[in-house]
Amino acid sequence: MGKLAGKVFRIGHLGHFNDLMLMGTLSGIEMGLRLAGIPYKKGGVMAALDRLDRAGMATELELGSK
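My aim in this report is to walk through the structure given alongside it, one point at a time.

**So, the overall build of the chain**
Phase 1 of the analysis: Per the secondary structure count, the chain includes two helices and zero strands.
Phase 2 of the analysis: The proportion of buried residues among the 66 residues of the chain is 8%.
Phase 3 of the analysis: In the structure as shown, the chain presents an accessible area of about 5,800 Å², 63% of it carried by carbon and sulfur atoms.

**Quick notes on helix 1 (residues 19-36)**
Given 3.6 residues to a turn, an α-helix orients residues that are three or four positions apart in the same direction.
Phase 1 of the analysis: The terminal C-alpha atoms of helix 1 lie 26 Å apart, and with 18 residues this matches the ideal 26 Å at 1.5 Å per residue to within 8%.
Phase 2 of the analysis: Buried within helix 1 we find Met 23, Glu 30 and Leu 33. Viewed along the axis of helix 1, the buried residues span an arc of 100°, placing them on a single side of the element. Every exposed residue of helix 1 that faces more than 90 degrees away from the buried side is listed here: Leu 20, Leu 35 and Ala 36.
Phase 3 of the analysis: For helix 1, the N-terminal cap is Asn 18; the gap from its side-chain oxygen to the backbone nitrogen of Leu 20 is 3.1 Å.
Phase 4 of the analysis: One or two positions beyond helix 1, positive phi appears at Gly 37, with a value near 75°.

**With respect to the environment of Ile 11**
Phase 1 of the analysis: Along the chain, the position of Ile 11 falls in the segment before helix 1.
Phase 2 of the analysis: Relative accessible area serves as the criterion here: at 41%, Ile 11 is assigned to the partly exposed category.
Phase 3 of the analysis: Taking the C-alpha atoms as reference points, Ile 11 and Thr 25, 14 residues apart in sequence, are found 8.6 Å from one another.
Phase 4 of the analysis: Residue contacts for Ile 11: discarding those within four places in its chain leaves Thr 25, Leu 26 and Ile 29.

**A few points about the layout of surface pockets**
To find leftover empty space, one rolls a probe the size of a water molecule over the atoms.
Phase 1 of the analysis: One number sums up the size of the largest pocket: a volume of about 150 Å³.
Phase 2 of the analysis: Lining the largest pocket are Ile 11, Leu 26, Ile 29, Glu 30, Leu 33, Tyr 40, Lys 41, Gly 44 and Val 45.
Phase 3 of the analysis: With four residues, the top contributor of residues to the lining of the largest pocket is helix 1.
Phase 4 of the analysis: Looking at the lining of the largest pocket residue by residue, the class counts come to six nonpolar, one polar and two charged.

The rules behind these values
Residues numbered from 1 in each chain as written. Predicted model: local features only at pLDDT ≥ 70, side-chain atom pairs only at ≥ 80, totals over all residues. Heavy atoms only, no water. Helix = DSSP H or I, 4+ residues; strand = E, 2+ residues; numbered from the N terminus. Buried < 20%, exposed > 50% of the residue type's maximum accessible area, 1.4 Å probe, protein only. Areas by Shrake-Rupley, 256 points an atom, 1.4 Å probe, with all protein chains shown as cover. Expected span 1.5 Å × (residues − 1). Arc of directions from axis to C-beta. Polar contact = N/O pair within 3.5 Å; in protein donor to acceptor, adjacent residues only side chain to side chain. Contact = heavy atoms within 4.5 Å. 1 Å grid on protein atoms, 1.4 Å probe; cavity = no way out; pocket = protein on both sides within 12 Å on 5 of 7 lines; lining within 4 Å. Points joined across faces, edges and corners; volume = space filled by probe spheres on them. Nonpolar A, V, L, I, M, F, W, Y, C, P; charged D, E, K, R; others polar.

Here it is as structure tokens:
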């Protein structure tokens, strides 16, 4: 990870990865960081959920207009 070694980690997966799997992964990471006492900026799960919601709404609007 170059200059970010020791500051970041990579979330890897094999194959299909959907919205529900993403939310479970992010929730698990936040829970693990909290339990381990590792400082992190709270709100990442909600930010991801908001982003997924906006993306879904945009898709629904596009489909409805055709």
